[in-house]
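Each chain, letter by letter, is given below.
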Amino acid sequence: MMALGSIERGQRFKWLTGHDLDPVKDLAQYLRGEFQLGAPIRITNWRPDATGQTLTEREVSRLEVLRAMALTLTLRQRRVLWLLYVDCLPWDEACARLHIASSTLAREREGALTAMVPLIYAKA
């Protein structure tokens, strides 16, 4: 399973390594891989507490990811993600199917992933 980081984990990761942990990139990586196998996303949260760091994990099922897609995205954004990550079409074929330019596909994909992150990363 893929472990995705919360915003708190991203801040800790940046503090430790000097690099950013981007939930949008993590979500895109999950959709390219384990989403197609039906595996859930494992989200890890690091929170400071009185004794140091508290680690909590939770799983977001594939069904919840599809629900986030349905609730937050426009029709075009849903079609972009569906063609790229469910039907596994190459970039140029997805552009041709939707009759849009490559830059528009990139913008719609980024907007869709960004819109889904708050629902998927919401605390349980």
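Draft legend 1. The arrangement of the overall build of the protein chain in detail. Check the secondary structure of the protein chain and you find six helices and three strands. Listing each helix as α and each strand as β along the protein chain from the N terminus yields β-α-α-β-β-α-α-α-α. Relative to its 124 residues, the protein chain shows a buried fraction of 38%. As presented, the protein chain carries roughly 7,300 Å² of accessible surface, and 56% of it is formed by carbon and sulfur atoms.

Draft legend 2. The arrangement of the packing of aromatic side chains in detail. A complete count under the given rule lists one aromatic pair for this structure. Pairing Tyr30 with Phe35 gives two aromatic rings, centres 6.0 Å apart and planes at 75 degrees, and the pair type is edge-to-face. Take Tyr30: its relative accessible area is 0%, and that puts it in the buried class.

Draft legend 3. Here's a closer look at the nonpolar core. Counting 30 residues, the largest nonpolar core has Leu27, Val65, Met116 and Ile120 as its most contacted members. Per element, the largest residue contribution to this core is seven residues, and it comes from helix 6 (residues 102-121). Dropping the residues within four chain positions of it, Ile120 is found in contact with Leu27, Ile41, Ile43, Arg58, Val60, Val65 and Ala68.

Draft legend 4. Summary view of the side chain of Arg109. Mapped onto the fold, Arg109 is located in helix 6. Taking the relative accessible area as the measure of exposure, Arg109 reaches 15% and is therefore buried. Filtering out sequence-adjacent residues up to four positions away, Arg109 remains in contact with Ala28, Arg32, Val80, Leu81, Leu84, Tyr85 and Trp91.

Draft legend 5. Quick peek at the packing of helix 5 (residues 91-98) against helix 6. With their axes 9 Å apart at the nearest point, helix 5 and helix 6 run at an angle of 95 degrees to one another. In this view, helix 5 runs roughly perpendicular relative to helix 6, as classed from their interaxial angle. Contact with helix 5, carried on its side by Trp91, Ala94, Cys95 and Leu98, involves Ser102, Leu105, Ala106 and Arg109 of helix 6 and no other residues of that element. In the contact of helix 5 with helix 6, the residues fall into six nonpolar, one polar and one charged.

Calculation notes
- Residues numbered from 1 in each chain as written.
- Predicted model: local features only at pLDDT ≥ 70, side-chain atom pairs only at ≥ 80, totals over all residues.
- Heavy atoms only, no water.
- Helix = DSSP H or I, 4+ residues; strand = E, 2+ residues; numbered from the N terminus.
- Buried < 20%, exposed > 50% of the residue type's maximum accessible area, 1.4 Å probe, protein only.
- Areas by Shrake-Rupley, 256 points an atom, 1.4 Å probe, with all protein chains shown as cover.
- Phe/Tyr/Trp six-rings, centres within 6.5 Å; stacked < 30°, edge-to-face > 60°.
- Core = buried A, V, L, I, M, F, W, Y, C linked by side-chain atoms within 4.5 Å.
- Contact = heavy atoms within 4.5 Å.
- Axes fitted to C-alpha atoms, helices over the stretch in contact; angles between N-to-C directions.
- Parallel < 35°, antiparallel > 145°, perpendicular 65-115°, else oblique.
- Nonpolar A, V, L, I, M, F, W, Y, C, P; charged D, E, K, R; others polar.

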